[in-house]
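# Inside the fold
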Amino acid sequence: MSVQGPTPKRTFAGADLRRLVEARARALGFCALGLTTPDAVPLLPERLAAWLAQGAQGEMGWMAERADQRADPATLWPEVASVWVLAMSYRPESDPLDLLARRDRGAIAAYAQRRDYHEVLKGKLKELGGYLSAKSGRPVKVFVDTAPVMEKPLAEAAGLGWQGKHTVLLSREHGNWLLLGAIYSAAAMEPDAPGRGHCGSCRACLDVCPTDAFPAPYRLDARRCLSYLTIEHAGPIPEEFRRPMGNRIFGCDDCLAVCPWNKFAHAAADARMSARDDLAAPPLAELAGLDDAAFRARFAGTPVKRTGRDRFLRNVLIAIGNAGDPALGAAALDHLADPSPLVRGMAVWAAARYLDGSALAALHARHGAGEADPHVRAEWRAALARDPET
Ligand code: B12
Ligand code: SF4
Ligand code: SF4
C-alpha cells in the first residue's frame, strides 16, 4: 500500500535518515529494524519455485499467483531502492507446550491469542512509512503478510537474524516470537550485513513437530503443518493428522516453543499485543457451543475469526475426539445434525472415539442414513468400520 508523508521542508539521507527512522520505530514498539537492497537474495526465485513445484503450498493458491513479484521486490514495485524490515515481539507469558497436556482445553497459537497483528502492524508501518517518506522526500510502500513479499528471507538479508531450521526468522536477541513487516522505499540506503545462522547442531524444532512437516532442515511442507491444516485448509482435515493434532485448535507453536534462543526474548512492547485471558486456555465444551454469531463476537479483532465458525468447529471437534473425556464426547453428538457438512463430518469422527459399534449404528440410523454430503457419508462409513482400539 502506498503511503504519502507530508511535503518535506527538509529531507534527510544515509545515516541521518536511518537514525531518525530507527528512533521512531522504537517509539512505535518495534524491537528490531534492518535494511537491505531489493536484489540481496538472488536465490529467492529459485527457492520459491522449488517449493511451489513440490506443491508444498497446498491450497494456498495465492502463493503461486504472483510468485514473480513475491520472489523479487523490484518486480512488485520497480521504484524500490531499499527494503526496511521491522520486527515486533509477541513473546508468550507461559510455555505454549504446557497447554497441550490440558486435553479439555483448546490450544490457540500465541500470535492468535491477541489482537490481529495485521491490524496493529499495518497501523504502525503506515505511520513509520509516512514518516520515512516525509523525511526522505521519496515514496514508500508498506507490506504486512498478505502482500506478495517474502518477509523472512528479506529480514535475514537485512540482518534481523536468520531463518532457523523451522524456517521462521529468529535472532540471538529476541528468539523467534517475532512478527515481521516491510517497507519498500525509493530512497537508496546503505544495507546492513545479512544475518548469520546460529542453529548449529540443534534440531529441537525438527524433532518436536507432531506431523513430520519438515522434509529437511530449513524446508517446510505446509500440507503437513498443523498451522496450515487448522487455519488455511478449508475441507476436512485428513485422518492421519487428526490424532497428532491433540488439542491444537488454531495454529501450532511447537517448533517455536522449543527453540533455545527464546530465553533472550523480550515481552511485547505494545499493550495491544498482550494476550487475552479468555483465549489462553478456553474450555472445549464452551467452544463447541458457539454458533456463528457467538463465534464472531468471541473472536472479533483476533486472527481466529479468519477461519469462520465452521472450520473452527471442525478443529474443536477433533480436539474433543482426542480429549478422552466422555462428558466432552456428548458435546460432539450435538453436532451430528449441524447445518455444516464440515462440522457434521468431524462430529461423526469425534463421536466414534467414544461410542461402541451398536451405539454408533443407532446414531447412524437417526442422523446418517439420509446424509447427502459425500464427505460426511465417508466419515460414517469409516466410523462404522472402525476398530474400537484405534
Ligand atoms: C505462507 C505462510 C505460512 C504457511 C507456510 C509457512 C512457511 N514456512 O512457508 C503456514 C500456514 C504453514 C504458516 C505457518 C506459520 N506462520 Co506463517 N506465513 C506465511 C507467509 C504468508 C509466507 C511465507 C512464505 O513465503 N513461504 C514460502 C517459503 C518458500 O518460504 P520460506 O519459508 O522462506 O522458505 C525458505 C526456505 O525453504 C529456504 N531454503 C530452502 N532451501 C534451503 C536450504 C538452506 C540450506 C537454507 C539455509 C534455506 C533454504 O529458502 C526459502 C526461501 O527463503 C508469511 C508472511 C510473508 N508474506 O512472508 C507468514 C509468516 C512466515 N508466518 C508467520 C508465523 C508467525 C507463522 C506461525 C508461527 C503461526 C502459528 N503459530 O501457527 C507458523 C509457523 C510454522 C513454520 N514452522 O513455518 C510469521 C513468521 C515471523 C518470523 N519470525 O519469521 C510471518 C513472517 C508473518 C508475519 N508477517 O510475521 N505460515
Ligand atoms: S507449526 Fe507445528 S505442525 Fe507446523 S511445522 Fe511447526 S511443529 Fe510442525
Ligand atoms: S530449535 Fe534449534 S534448530 Fe530450530 S531454529 Fe531454534 S536453534 Fe535452530
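Residues numbered from 1 in each chain as written. Chains lettered and ligands numbered in written order. Predicted model: local features only at pLDDT ≥ 70, side-chain atom pairs only at ≥ 80, totals over all residues.

### Here we look at the overall build of the chain
Let me state the cut-off plainly: Runs of E in the DSSP output that reach at least two residues are strands. Runs of H or I that reach at least four are helices, and both are numbered from the N terminus. The globule rule used here is 2.2 Å times the number of residues to the 0.38 power, and the radius of gyration it is set against is calculated over C-alpha atoms. Counting other C-beta atoms within 10 Å of a residue's own tells you its class, since 20 or more makes it buried, 12 or fewer makes it exposed, and anything in between is partly exposed; those C-beta atoms are placed from the backbone. Distance between backbone-placed C-beta atoms decides contact: two residues are in contact if it is within 7 Å.
Secondary structure assignment for the chain yields 18 helices and 9 strands. The globule rule puts the C-alpha radius of gyration for 390 residues at 21 Å, and the 23 Å found for the chain is close to it. Counting all 390 residues of the chain, 45% fall into the buried class. Of the contacts made within the chain by residues no fewer than 6 positions apart, 77% connect residues no fewer than 24 positions apart.

### What about the site of ligand 3?
What counts here: We call a residue near a molecule or strand when its C-beta atom, built from the backbone, sits within 6 Å of it. Classification convention: Asp, Glu, Lys, Arg as charged; Ala, Val, Leu, Ile, Met, Phe, Trp, Tyr, Cys, Pro as nonpolar; all other residues, Gly among them, as polar. Delimitation of the domains relies on an automatic or database domain assignment.
The full set close to ligand 3 counts 13 residues, and Gly-164, Cys-199, Cys-202, Cys-205 and Cys-259 are the nearest of them. Taken together, the residues of the shell around ligand 3 sort by class into 9 nonpolar, 2 polar and 2 charged. Split by domain, the shell around ligand 3 shows at least three residues from each of two domains, domain 1 (2-92 + 110-185) and domain 2 (204-258 + 279-384).

### Re the UniProt feature "binding site: cob(II)alamin" (unreviewed entry) in the chain
Which entries qualify depends on this criterion: UniProt positions are given in the numbering used here, feature names are shortened, and annotations may be inferred rather than shown by experiment.
Those places that UniProt annotates as "binding site: cob(II)alamin" (unreviewed entry) correspond, in this numbering, to Arg-70, Asp-145, Leu-169, Leu-180, Ser-227, Cys-252 and Asp-253. A maximum C-alpha distance of 25.3 Å is found for the annotated residues, which run over 184 residues; spatially they are spread out rather than grouped. Relative to the helices and strands, Ser-227 resides in helix 9 (residues 226-232). If sequence neighbours within four positions are ignored, Ser-227 has contacts with Ala-109, Gly-251 and Cys-252. Mapped onto the secondary structure, Cys-252 falls in the loop between strand 9 (248-250) and helix 11 (254-257). Those residues in contact with Cys-252 that sit more than four places away from it in its chain are Ala-109, Leu-226 and Ser-227.

### Points about the nonpolar core
To keep things clear, this is the line we draw: To count as a nonpolar core, a set of buried Ala, Val, Leu, Ile, Met, Phe, Trp, Tyr and Cys residues must be joined through C-beta atoms within 7 Å.
By size, the foremost hydrophobic cluster in this structure holds 108 residues, and its most contacted members are Val-85, Ala-87, Met-88, Val-316, Leu-317, Ile-320 and Ala-351. The element that contributes the greatest number of residues to this core is helix 16 (residues 341-352), accounting for 9 residues. Built from parts of two domains, this core gets at least three residues from each of domain 1 (2-92 + 110-185) and domain 2 (204-258 + 279-384). Sequence-distant contacts of Met-88, that is, excluding residues within four places in its chain, are made with Gly-29, Phe-30, Cys-31, Leu-121, Leu-178, Leu-179 and Met-273.

### Observations concerning the UniProt feature "binding site: [4Fe-4S] cluster 1" (unreviewed entry) in the chain
As annotated in UniProt, the feature "binding site: [4Fe-4S] cluster 1" (unreviewed entry) corresponds to Cys-199, Cys-202, Cys-205 and Cys-259 in the numbering used here. Look at the named residues: they lie 61 residues apart in sequence, but the longest C-alpha span between them is just 10.3 Å, so in the fold they bunch up. Mapped onto the elements, Cys-202 comes out in the loop between strand 8 (178-185) and helix 8 (204-208). With 16 C-beta atoms counted inside 10 Å, the residue Cys-202 sits in the partly exposed group. Within the secondary structure, Cys-205 is located in helix 8. With residues near it in sequence (within four places) discarded, Cys-205 still touches Gly-164, Lys-165, His-166, Cys-255, Val-258 and Cys-259.

### Quick look at helix 6 (residues 117-136)
For clarity, the cut-off: Take the number of residues in a helix, subtract one, and multiply by 1.5 Å to get its expected span.
The first and last C-alpha atoms of helix 6 sit 27 Å apart over 20 residues, in line with the 28 Å expected at 1.5 Å per residue. Downstream of helix 6 by a residue or two, Gly-137 has a phi angle that is positive, lying close to 75 degrees.

### Regarding the sheet that holds strand 3 (residues 82-89)
Threshold: Note: two strands are recorded as paired if DSSP finds a minimum of 2 bridges between them.
Pairing is antiparallel in the open sheet, where 5 strands are placed in the order 1-5-8-3-2. Looking along the sheet, the strands with just one partner apiece sit at the ends: strand 1 (2-3) and strand 2 (32-36). Two elements, strand 3 and strand 8, share 8 bridges in a ladder whose sense is antiparallel. Each residue of the ladder has a partner; that of Val-85, found in strand 8, is Ala-182.

### Examining the domain arrangement of the chain
The assigned domain composition of the chain is domain 1 (2-92 + 110-185) and domain 2 (204-258 + 279-384). Taken together, the contacts link 20 residues of domain 1 with 23 residues of domain 2. Looking at the side of domain 1 that touches domain 2, its residues break down into 7 nonpolar, 8 polar and 5 charged.

### What to know about unusual backbone geometry
The backbone of Thr-167 sits at a positive phi, close to 80 degrees, despite the residue not being glycine. With respect to the element layout, Thr-167 can be found in the loop between strand 6 (162-163) and strand 7 (169-170). A tally of 17 C-beta atoms within 10 Å means that Thr-167 is categorised as partly exposed. The phi angle at Tyr-218 is positive, at roughly 75 degrees, despite the residue not being glycine. By the element assignment, Tyr-218 lies in the loop between helix 8 and helix 9.

### Things to note about the site of ligand 1
What surrounds ligand 1 is a group of 37 residues, the closest being Ala-109, Glu-151, Leu-169, Ser-227 and Gly-251. Only helix 2 (44-53), helix 7 (151-157), strand 8, helix 9 and helix 11 provide two or more residues apiece to the shell around ligand 1. Considering every element that reaches the shell around ligand 1, the biggest residue donor is helix 2, with 4 residues. Per-class residue counts for the shell around ligand 1 are 24 nonpolar, 6 polar and 7 charged.

### Details of the environment of Asp-278
The topology assignment puts Asp-278 in the loop between helix 11 and helix 12 (284-288). For Asp-278, a count of 10 C-beta atoms within 10 Å puts it in the exposed group. A C-alpha to C-alpha distance of 10.0 Å links Asp-278 and Arg-114, two positions 164 residues apart in sequence.

### Observations concerning the pairing of strand 8
Most of strand 8 is tucked away, with 8 of its 8 residues classed as buried. Neither face of strand 8 is left uncovered, since the one carrying Leu-178, Leu-180, Ala-182 and Tyr-184 and the one carrying Leu-179, Gly-181, Ile-183 and Ser-185 both have all their residues buried. With 4 bridges connecting them, strand 5 (residues 140-143) and strand 8 associate as antiparallel partners. Opposite Val-140, over in strand 8, you have Ser-185 as the bridge partner.

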